[in-house]
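Observations on the model geometry
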Amino acid sequence: MEDHTVFRSFSDKKSPRKSFRLKPPFTRHAISILICAACMLCATLASFLYQHIVPDNHANVALFYILALVIIARWTVGYGYGIACTLFSVIAINYLFTYPYYTLNFTLTGYPITFLLMSGITLILCTMTSHMTIQSEMIAEREKRLAEAEMEKMRANLLRAISHDLRTPLTGIIGNSSLFLESQNDLSSTEQRTIMTNIYEDSNWLLNMVENLLSVTRIQGDSLSINTTKEPVEEVVGEALEKLKKRYPDAAIRVKIPEEFLMIPMDAVLIEQVTINLLENAIVHSGSILPIDFIVEDHPEHVSFIVRDYGKGLSEEKLQNLFETGTYNNSRSSDSRKGMGIGLSICKTIITAHHGTLSGRNHADGAEFCFTLPKVGAVASEK
């Protein structure tokens, strides 16, 4: 269904990925012992079953124990478990499956070779798996450090941008209020109204900034994890449009949403904030009075949300660093209300925490932003 009115009428909405931790040494050794016991028991039972089915072929019995040793070498820590199980395997083969049965006889022809070969296989496997484990831990540690460095960079950029974007409207509010208090009797009604309008607009911008920053606090820790529940798309979009309508009552927005009822996992408050930020950017920065299109598209694995304006588009400088916090601080005017760097950076963080994507581009008649949310599976966590 498609609505070409200024705003649609929607029904009112009533309003972690688990981090991997290494197990303690005692627990890891206890698990290793259980794995060894289970593997040796299974190999012994399988050998008895094989001997019962093929009574005259005992050569393949050793293969069951070798398979068990491969599993033990892969899933236990250190060399000790593999060597101990190798010794047990050799004794078990000799005692249980070599004639004369239930008697240890280490003088059998070729028996020392069997012991040496099985020991060699186990040591090689243990060495390989130990090296793989060390490499995996090094890779995980490196990835963790890179993620921490990226988070620190994002925090630093955010703080730099906030220091600029909060100072400018605060300075404007203080300056205009001081002028009003000192020269109230000398100002005309038009001048007084202009000063109060400036104070009102700067205050609204500060409120919007605080809402953006509060949105970031809902994202938990360095892992960018969030709590999500399945929410109806139409209600979340409607709530965002109702809030935007209070700020921009004259804004023209054409909304198009699929007929079918869509429920996807999300943090509704955060997605509302992203929707408001993108629509507000289109209203303020497009430089056009033409209606803005807000389109929701249903795809097999995700839902797309598209904000398309018909204005001047984005400059090449902005396109190259679209979602970096504070990118525009040096190049824009002193009026921080014209900037959108922090808003887009926060939007990117929110959508990334939802395991979705956010992109921006120019089209033939203006600019377009699109974010996607996965339908199932790739969410951070659910309540």
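With an unreviewed UniProt entry as reference, the chain is termed histidine kinase, source organism Simiaoa sunii. Listed under Catalytic activity (unreviewed entry) in UniProt, the entry text for the chain is "ATP + protein L-histidine = ADP + protein N-phospho-L-histidine."

**Examining the packing of aromatic side chains**
Under the counting rule described, the total for this entry stands at five aromatic pairs. Ring centres 5.9 Å apart and planes at 80° place the aromatic pair Tyr 95 and Tyr 102 in the edge-to-face group. Seen in terms of ring centroids, Phe 305 and Phe 371 are 4.6 Å apart; in terms of plane orientation they differ by 5°. Their pairing is stacked. Of this pair, Phe 305 sits in strand β6 (residues 302-308) while Phe 371 sits in strand β8 (residues 366-374); the two residues are 66 residues apart in sequence, bridging distant segments of the chain. We classify Phe 305 as buried; its relative accessible area is 2%.

**Brief notes about the pattern of salt bridges**
Where charged atoms from two side chains of opposite charge come close, those side chains can pair. Summed over all chains, the structure comprises seven salt bridges. Close ionic contact of Arg 145 with Glu 141 constitutes a salt bridge, the shortest N to O distance being 3.3 Å. Of the two residues, Arg 145 and Glu 141 are both situated in helix α4 (residues 111-183); the distance of four residues between them amounts to about one turn of the helix. Taking the shortest distance from any N to any O, the salt bridge between Arg 308 and Glu 368 comes out at 2.6 Å. Taken as a pair, Arg 308 in strand β6 and Glu 368 in strand β8 lie far apart in primary sequence, 60 residues in all. Classification of Glu 368 by relative accessible area gives buried; the value is 9%. Through salt bridges that share partners, Arg 308, Arg 361 and Glu 368 make up one connected network.

**Thoughts on the side chain of Thr 86**
Relative to the elements of secondary structure, Thr 86 occurs in helix α3 (residues 80-96). Of the polar contacts made by the side chain of Thr 86, one reaches the backbone oxygen of Gly 82; its length is 2.7 Å.

**Considering the UniProt feature "transmembrane region" (unreviewed entry) in the chain**
Residues given the UniProt feature "transmembrane region" (unreviewed entry) here are residues 30-53, 84-102 and 108-128. Across residues 30-53 one finds 100% helix and 0% strand; the C-alpha atoms that close the span lie 35 Å apart. From the first C-alpha to the last, residues 84-102 spans 20 Å; its make-up is 68% helix and 0% strand.

**What to know about a nonpolar patch on the surface**
Taken together, the side chains of Phe 48, Leu 87, Ile 91, Tyr 95, Tyr 99, Tyr 101, Tyr 102 and Leu 104 define a hydrophobic patch exposed on the protein surface, amounting to about 800 Å² of accessible area. Of the residues forming the nonpolar patch, the biggest block, three residues, is contributed by α3. Mapped onto the elements of the fold, Phe 48 is located in helix α1 (residues 25-53).

**What to know about the pairing of strand β3 (residues 253-256)**
The two faces of the sheet receive side chains in turn, since in a regular strand these alternate between them. Alternating residues of β3 divide into Ile 253 and Val 255, all buried, and Arg 254 and Lys 256, none buried. Across four bridges, the pairing between β3 and strand β5 (residues 292-298) is parallel. Residue pairing for β5: Ile 253 is matched across the bridge by Ile 292.

**Details of the environment of Ser 203**
The residue Ser 203 is located in helix α5 (residues 189-217) in this model. Residue classification places Ser 203 among the partly exposed residues on the basis of a relative accessible area of 34%. Through-space distance from the C-alpha of Ser 203 to that of Gly 172 is 9.5 Å; in sequence the pair is 31 residues apart.

Basis of the calculations
Residues numbered from 1 in each chain as written. Predicted model: local features only at pLDDT ≥ 70, side-chain atom pairs only at ≥ 80, totals over all residues. Heavy atoms only, no water. UniProt positions renumbered as here; feature names shortened; annotations may be inferred. Phe/Tyr/Trp six-rings, centres within 6.5 Å; stacked < 30°, edge-to-face > 60°. Helix = DSSP H or I, 4+ residues; strand = E, 2+ residues; numbered from the N terminus. Buried < 20%, exposed > 50% of the residue type's maximum accessible area, 1.4 Å probe, protein only. Salt bridge = Lys/Arg side-chain N within 4 Å of Asp/Glu carboxyl O. Polar contact = N/O pair within 3.5 Å; in protein donor to acceptor, adjacent residues only side chain to side chain. Patch = residues over 30% accessible without salt bridge, like charges linked within 9 Å, V, L, I, M, F, W, Y side chains within 5 Å. Areas by Shrake-Rupley, 256 points an atom, 1.4 Å probe, with all protein chains shown as cover. Pairing = 2+ DSSP bridges.

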